[in-house]
Every structure is written in C-alpha cells, then in structure tokens.
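Chain and residue survey
Take a look at the letters that make up each chain.
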Amino acid sequence: SVKGADTTFWANVEGAMAAVAGRIRVSGDEIASFLQHRFGRYIFAINVPTIPAAGTVRLWGLRNPGAPTRGAAYFEQDTSTTTIFARSYDDWGTLQSTTVTADTDWYGAQVEYIVNWEADRIQFQVNDSDGYRTLATHVTRVPTIPLALTVMDTVVENLDVGYVTVEKPDLVV
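In this text, all values refer to a predicted model and were calculated from it rather than measured experimentally.

Re the pairing of strand 12 (residues 131–138)
- Two strands pair when backbone bridges link them, and strand 11 (residues 121–128) and strand 12 are joined in this way by seven bridges, in the antiparallel orientation. Paired with Ile122 across the bridge in strand 12 is His138.
- Between strand 11 and strand 12, which follow one another and run antiparallel, lie two residues.

Focus: the sheet that holds strand 12
- In spatial order, the strands read 2-3-14-5-10-11-12; together these seven strands make up an open sheet with antiparallel pairing. The strands lining the two open edges of the sheet, one partner per strand, are strand 2 (18–20) and strand 12. Averaged over all pairs of adjacent strands, the angle between strand axes in this sheet comes to 30°, irrespective of strand direction.
- As defined by bridge partners, strand 5 (residues 40–47) adjoins strand 10 (residues 111–118) across seven bridges and the pair is classed as antiparallel.

What about the nonpolar core?
- In this structure, Trp60, Tyr113, Val115 and Trp117 are the most contacted members of the largest nonpolar core, which totals 36 residues.
- Element by element, the count of residues in this core is highest for strand 10, at four residues.
- If you look at the next biggest cluster of nonpolar residues, it comprises five residues, including Leu59, Tyr74, Tyr89 and Met152.

Describing the pattern of salt bridges
- Per the stated rule, a full pass over the model turns up twelve salt bridges.
- Across the pair Arg25 and Asp160 runs a salt bridge whose closest N-O atoms are separated by 2.7 Å. You can see Arg25 sitting in strand 3 (residues 23–26) and its partner Asp160 sitting in strand 14 (residues 159–167), a full 135 residues away along the chain.
- Of the residues examined, Asp160 reaches a relative accessible area of 9% and is grouped as buried.
- Close ionic contact of Glu167 with Arg41 constitutes a salt bridge, the shortest N to O distance being 3.1 Å. With a gap of 126 residues between them, Glu167 in strand 14 and Arg41 in strand 5 connect regions that are remote in the sequence.
- According to the relative accessible area criterion, Glu167 is partly exposed, its value standing at 31%.

Points about the environment of Val151
- Among the structural elements, Val151 can be located in strand 13 (residues 147–153).
- Since its relative accessible area comes to 0%, Val151 is described here as buried.
- Each C-alpha atom of the pair Val151 and Thr140 lies 24 Å from the other, and the pair is eleven residues apart in sequence.
- Apart from residues lying up to four places away in sequence, Val151 is in contact with Val26, Asp29, Glu30, Ile31, Phe44, Leu59, Trp60, Leu159 and Val161.

What counts and how
- Residues numbered from 1 in each chain as written.
- Predicted model: local features only at pLDDT ≥ 70, side-chain atom pairs only at ≥ 80, totals over all residues.
- Heavy atoms only, no water.
- Pairing = 2+ DSSP bridges.
- Helix = DSSP H or I, 4+ residues; strand = E, 2+ residues; numbered from the N terminus.
- Axes fitted to C-alpha atoms, helices over the stretch in contact; angles between N-to-C directions.
- Core = buried A, V, L, I, M, F, W, Y, C linked by side-chain atoms within 4.5 Å.
- Buried < 20%, exposed > 50% of the residue type's maximum accessible area, 1.4 Å probe, protein only.
- Salt bridge = Lys/Arg side-chain N within 4 Å of Asp/Glu carboxyl O.
- Contact = heavy atoms within 4.5 Å.

Coordinates in, geometry out; function isn't part of it.
Here's what the structure looks like:
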C-alpha cells in the first residue's frame, strides 16, 4: 500500500473512509482521487462483503463525483441483486451498460476488477478464483476526458479496497 487512506490522495466525497488491517474501508462512504487519469489499465482489488441489502449502491472505477455521467467507466451493483453492471458514459452523458451475473466467489473475498480504457474501447475484466476473463467490452460510449478513481458503498457494509493499481495512463492531472 503506497497511499492507503491518505487524505492528500483521496477525497471523502461522502462519509469518512477508514484504514482497517492495511485496507481502505468504504462503508456508507464515497471516496474519489484528487488525481484524474485518462486511458490506461486500472485494477481495483475489492472485497465485496455480501450481496447488497435493499437500497444499497456500490460502485468502483473511474468517475468524477461532480459530474458522474459526463464520462465514466465503472462497475456497479445495486439494490439487492446478484447482478453487476459494467457501465460507461461518453463525454456527453450517454450510457452504455452491460449486465453481468455475479459469481458467488465475488463475495467475502478480494477480487481484482479491471478497467482497460483505451481511446476506442473499454474492457471490463475480472481476475478471481476462476481466473482472468473479460466480462464486457464497450466501444460506443467511451469517454475521453480525465476521470478520478472512485469507490462508493452507500450503506454500512464494509466494502474493503485492498489496492488500486494504475498502469500506463495517457494523462494524469
């Protein structure tokens, strides 16, 4: 862990993140990086504790909290489902969403959720106990604006971030 729960790197958008056993705990909180990135490979090692309770929204990926639909690429799980959505917005706020059935291995264990963002595509991938695989590829709603790293869990359920890896960004601001 290089930055951990460092408040000079992470902004508390809502609530207050905590450092627990070397991980960032997002529990009824939303955090976003002060740095913004464009293109690259982003690995979010996330431990989703359980299938979400009713009214819960969890998301992790790239999104600017002040303009959440003006460019974005993230995983989202909401409202008591075993479904995860791979979502991307282009620079004008048009959504592309792919529904992915969540694997039972994704709960209570750290899993790598990967966003490969290139100028002409976004690949949403996972690396879990079943191996590395692509869940969705978006080619019509690909943002080009710089985006912050973000993690959100709207209720107190202890979503833990083991690490976030940023590889080969085209731009860091």
